[in-house]
Every structure is written in structure tokens, then in C-alpha cells.
Amino acid sequence: QVQLVESGGGLVQPGGSLRLSCAASGSIFSMYAMGWYRQAPGKQRELVAVITTTGSANIADSVKGRFSISRDNAENTVYLQMNSLKPEDTAVYYCNANRRRITGRVDNYWGQGTQVTVSS
């Protein structure tokens with residue numbers, strides 16, 4: 001089992017920045033690929049960024065150049081740095097932990113989400 005707790009959301013003006021944090025506990029953090037997803041009202045949840053166990057990152061085209069993802073395995077934490085925020089970035093942001101075991105079983109966990117609102 002993995003428990004994920006997000007923090008760092010809030011209200012920010014367009015063009016501003018926020019850094020989201022996701023603290024993990026309960027299992028071996030370094031064995032999990034970590035991701036950030038978001039869900040805006042009336043829309044499906046979408047992938048924002050993912051970082052693998054080896055530190056390789058993939059960023060969604062919609063936020064590329066503005067958002068970055070990083071992880072600190074010593075602190076069991078993954079971060080999402082969001083710069084040049086736009087109103088369309090407004091959503092609930094969710095942290096995700098995922099790993100595929102040798103047996104083929106997939107372990108997938110979600111945090112409770114943190115609200116990000118971009119508005120003047």
C-alpha cells in the first residue's frame with residue numbers, strides 16, 4: 001500500500017507559479033513511477049507529467065515548457081513546478097504512483113487531489 005498526500009495548491013493569478021508536492025509513504029517510493037494528473041470540471045482526468053524510477057520525465061504537450069516534474073527519493077516526494085500559469089490550468093491535481101511487478105500485477109495509487117485555481 002502507498003499513501004499519497006498532495007499539497008501546494010491554491011489560487012494564483014495568470015502568469016504566476018505554484019509548486020505542488022506529493023509525499024508518499026507505506027512502500028518503497030523509488031520503485032514507483034510517479035505522475036501528476038489533473039481534472040477540470042466537466043472534463044476527463046488527463047496526464048500532466050510522469051517521472052520514471054530512473055528519473056526520466058514526460059510532460060504533456062499542453063504544459064510543456066511551463067511545467068516540470070522532479071522527484072526526491074530520499075524524501076519520498078514528487079514535485080510539480082508550474083510556471084506561467086493560465087486559467088485553463090485550473091483543475092484538481094492528483095498525484096499517482098504506479099509500478100508493474102515482475103508477476104505482471106500493477107499497483108496503482110492516487111492521492112486525494114489538490115485544487116489549483118488560476119484567476120485574476
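Small disclaimer: the values here were computed from a predicted structure and weren't measured. Once a new chain begins, its residue numbering starts again from 1 and follows that chain's sequence as written. Whole-chain, interface and lining totals are the exception, using all residues; otherwise, since this is a predicted model, local features are given only for residues with pLDDT of at least 70 and side-chain atom pairs are given and counted only at 80 or more. With hydrogens and water stripped out, all remaining heavy atoms of the structure feed into the side-chain values.

1. A closer look at the pattern of salt bridges
No. 1: Salt bridges are defined by distance alone: a side-chain nitrogen of Lys or Arg within 4 Å of a carboxyl oxygen of Asp or Glu. Going through the model one piece at a time under the given rule, you end up with 7 salt bridges.
No. 2: Between Asp89 and Arg38 there is a salt bridge, with the nearest N and O atoms lying 2.9 Å from each other. In this pair, Asp89 is assigned in the loop between strand S8 (77–82) and strand S9 (91–100) and Arg38 in strand S4 (residues 33–39), connecting sequence segments 51 residues apart. You'll find Asp89 and Arg38 in the same group, each marked buried.
No. 3: Linking Asp89 and Arg66 is a salt bridge whose minimum nitrogen-to-oxygen distance equals 2.7 Å. Highlighted residues: Asp89 in the loop between S8 and S9 and Arg66 in the loop between strand S6 (57–59) and strand S7 (67–72), separated in sequence by 23 residues.
No. 4: Exposure remark for Asp89: the relative accessible area of 1% places this residue in the buried category.
No. 5: Under the scheme applied here, a residue whose accessible area is under 20% of the maximum for its type counts as buried, over 50% as exposed, and between as partly exposed, the area being computed with a 1.4 Å probe on protein chains only. In this structure Arg66 comes out as buried when scored by relative accessible area, which is 11%.
No. 6: Each of Arg38, Glu46, Arg66 and Asp89 takes part in one network of salt bridges that share partners. Helix and strand assignments follow DSSP, with helices taken as H or I runs no shorter than four residues and strands as E runs no shorter than two, numbered in order from the N terminus.

2. Considering the environment of Ser27
No. 1: Inspection of the secondary structure puts Ser27 in the loop between strand S3 (18–25) and S4.
No. 2: For Ser27, a relative accessible area of 29% gives the class partly exposed.
No. 3: Along the sequence, Ser27 and Thr52 sit 25 residues apart, while their C-alpha atoms lie 16 Å from each other.
No. 4: Two residues qualify as a contact provided that any one of their heavy atoms is within 4.5 Å of a heavy atom in the partner residue. Excluding residues that lie within four positions of it along the chain, Ser27 makes contacts with Gln1, Val2 and Tyr32.

3. What about the nonpolar core?
Taken as a class, soluble globular proteins show a tendency for nonpolar side chains to be buried jointly.
No. 1: Put simply, buried Ala, Val, Leu, Ile, Met, Phe, Trp, Tyr and Cys residues joined by side-chain atoms within 4.5 Å make one nonpolar core. Counting residues in each nonpolar core, the largest one holds 30 residues, and the members touching the most others are Leu4, Met34, Trp36, Val78, Leu80, Met82 and Tyr93.
No. 2: Counting only elements with at least two residues in this core, the list comes to S3, S4, strand S5 (46–51), S7, S8, S9 and strand S11 (114–118).

4. Regarding the sheet that holds S8
No. 1: One requirement defines pairing of two strands: DSSP has to find at least two bridges between them. With antiparallel pairing, 4 strands are arranged side by side in an open sheet as S1-S3-S8-S7. The sheet is open, and its two edges are formed by strand S1 (3–7) and S7, each paired on a single side. This sheet shows a mean twist of 15° between the axes of neighbouring strands, independent of strand direction.
No. 2: Judged from the 6 bridges that link them, S3 and S8 form a sheet pairing that is antiparallel. Across the sheet, Ala23 pairs through a bridge with Thr77, a residue of S8. All axes here are fitted lines through C-alpha atoms, helices being fitted over the stretch that makes contact, and every angle between N-to-C directions spans 0 to 180 degrees.

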